[in-house]
Amino acid sequence: MFTLSNDRIMNIHQITFSPTGGTRRVSEMLCQGMGNKIVFTDLCVKAADIHLPDINENDLAVIAMPVFAGRVPALAVERLRKVNSHGAKCVVIAVFGNRAYDDALLEMRDVASAMGFRVIAAVAAVAEHSIIRKYGKGRPDADDEQILRQFGAEILRKTSGNDYSMPQVPGKHPYKQGGKVPYPKGRRGCNRCGVCANQCPADAIPLSDPKRVDTAKCISCMRCVSVCPVGARSIGAVMNFLATQGLKKVCATRKENELYL
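Okay, so let's go over this structure. (Residues numbered from 1 in each chain as written. Predicted model: local features only at pLDDT ≥ 70, side-chain atom pairs only at ≥ 80, totals over all residues. Heavy atoms only, no water.)

Brief notes about the overall build of the protein
Along the protein, the regular secondary structure elements total 7 helices and 10 strands. When its C-alpha atoms are laid out on the principal axes, the protein stretches across 60 × 40 × 35 Å. Residues counted as buried form 50% of the 261 residues belonging to the protein. Taking contacts inside the protein between residues at least 6 apart in sequence as the whole, the part at least 24 apart equals 82%. For the protein, the accessible surface area stands at approximately 12200 Å², while carbon and sulfur atoms represent 50% of it. Separation between the mean location of the 36 positive side-chain charges and that of the 24 negative ones in the protein comes to 9 Å. (Helix = DSSP H or I, 4+ residues; strand = E, 2+ residues; numbered from the N terminus. Buried < 20%, exposed > 50% of the residue type's maximum accessible area, 1.4 Å probe, protein only. Contact = heavy atoms within 4.5 Å. Areas by Shrake-Rupley, 256 points an atom, 1.4 Å probe, with all protein chains shown as cover. Lys, Arg positive; Asp, Glu negative; His and termini not counted. Charge placed at Lys NZ, Arg CZ, Asp CG, Glu CD.)

A few points about the pairing of strand β7 (residues 118-126)
Of all 9 residues that make up β7, 8 are buried, and the element is covered over most of its length. As judged from the 8 bridges shared by strand β6 (residues 89-96) and β7, these two strands associate in the parallel manner. Residue pairing in the sheet places Cys90 in a bridge with Val119 of β7. Since β6 and β7 lie parallel, the crossover through helix α3 (residues 104-114) that links them has a hand, and here it is right-handed. Relative to strand β10 (residues 258-260), β7 runs antiparallel, the two sharing 3 bridges. Residue Val123 lies in a different strand from β10, and its bridge partner there is Leu259. (Pairing = 2+ DSSP bridges. Right-handed = clockwise from strand over helix to strand, strands pointing away.)

Some words on helix α4 (residues 142-160)
Over its 19 residues, α4 extends 27 Å from the first C-alpha to the last, a length consistent with the 27 Å expected when each residue adds 1.5 Å. Residues of α4 that are buried include every one of Asp144, Leu148, Phe151, Gly152, Ile155, Leu156, Lys158 and Thr159, and no others. One face of α4 carries all of its buried residues, which in axial projection span an arc of 155°. More than 90 degrees from the buried face of α4, the exposed residues found are Ala142 and Arg157. Structurally, the start of α4 carries an N-cap: the backbone nitrogen of Asp143 is 3.2 Å from a side-chain oxygen of Asp141. One or two positions beyond α4, positive phi appears at Asn162, with a value near 60°. (Expected span 1.5 Å × (residues − 1). Arc of directions from axis to C-beta. Polar contact = N/O pair within 3.5 Å; in protein donor to acceptor, adjacent residues only side chain to side chain.)

Notes on unusual backbone geometry
Between Arg139 and Pro140 the backbone carries a cis peptide bond, its omega angle lying at -5°. Here Pro140 is to be found in the loop between β7 and α4. With an omega of -10°, the peptide bond between His173 and Pro174 qualifies as cis. Its identity is not glycine, yet Ala69 carries a phi of approximately 55°, on the positive side. Mapped onto the secondary structure, Ala69 falls in the loop between β5 (60-66) and α2 (74-80). Phi at Asn98 is positive, roughly 65°, even though this residue is not glycine. For Asn98, the location among the structural elements is in the loop between β6 and α3.

Some points on the pairing of strand β4 (residues 38-42)
The side chains of a regular strand alternate, residue by residue, between the two faces of the sheet. Looking at chain direction, strand β3 (residues 12-16) and β4 are connected through 5 bridges and run parallel. If you follow Thr16 over to β4, its bridge partner there is Asp42.

So, the side chain of Asp144
The residue Asp144 is located in helix α4 in this model. The class for Asp144 is buried, based on a relative accessible area of 0%. Looking at Asp144, its side chain comes within polar contact range of the main-chain nitrogen of Asp141, at 2.8 Å. Other than its neighbours up to four places away in sequence, Asp144 contacts Val126, Arg139, Arg254 and Asn257.

In structure tokens form, the structure reads like this:
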């Protein structure tokens, strides 16, 4: 816990939708800079397994989501909206795969603000691309960690000074239309163990036949690919090649984190 200058107690709630782990690592690094015990809420689980946080007005929420084709996942936003903000302070984090975050950070700020959160800081941070992992490979790295921890400390100083001003962030209204992304499914070597089905946050993989995917439910978050114990789930060689070539130019150079306070 962190004691504010006026003796109020503030809890920090880390609320994360992180299918492949990069988004959670980014938010953890930021929270570590605050030096407090963190209350963690995972939105990237089966709907029945979500335990919504008990937030009060003097708390700080750190909300982190991945960027998919310039937007944040609709499923993540839907689940976040079930949280009662009670007017708490909030930091929003959009994590992108070394391409761009487009309107995602603005969308997150708008959603959180509409929920009653007081958005006092925003971060656009880089992690490994969830589909083509060589882009942004190893991110967030040691340099990212130092930057994020330092910014976490700056955010905490802002809250202790009772500054609740909302930062301006890049993006446009209306938000860009999300692009089409490939759907992963079981390939050669799949032994139908069901790990992917059990961990799919969208319930898009039938346990009775985990090689399949329900494209009406799938959000292409790549959680199933990252957890497959035998590496048998993917978007396929052809789609992998096309995605790699399509991202080559825009992902070739290292992108840096962007911080807004």
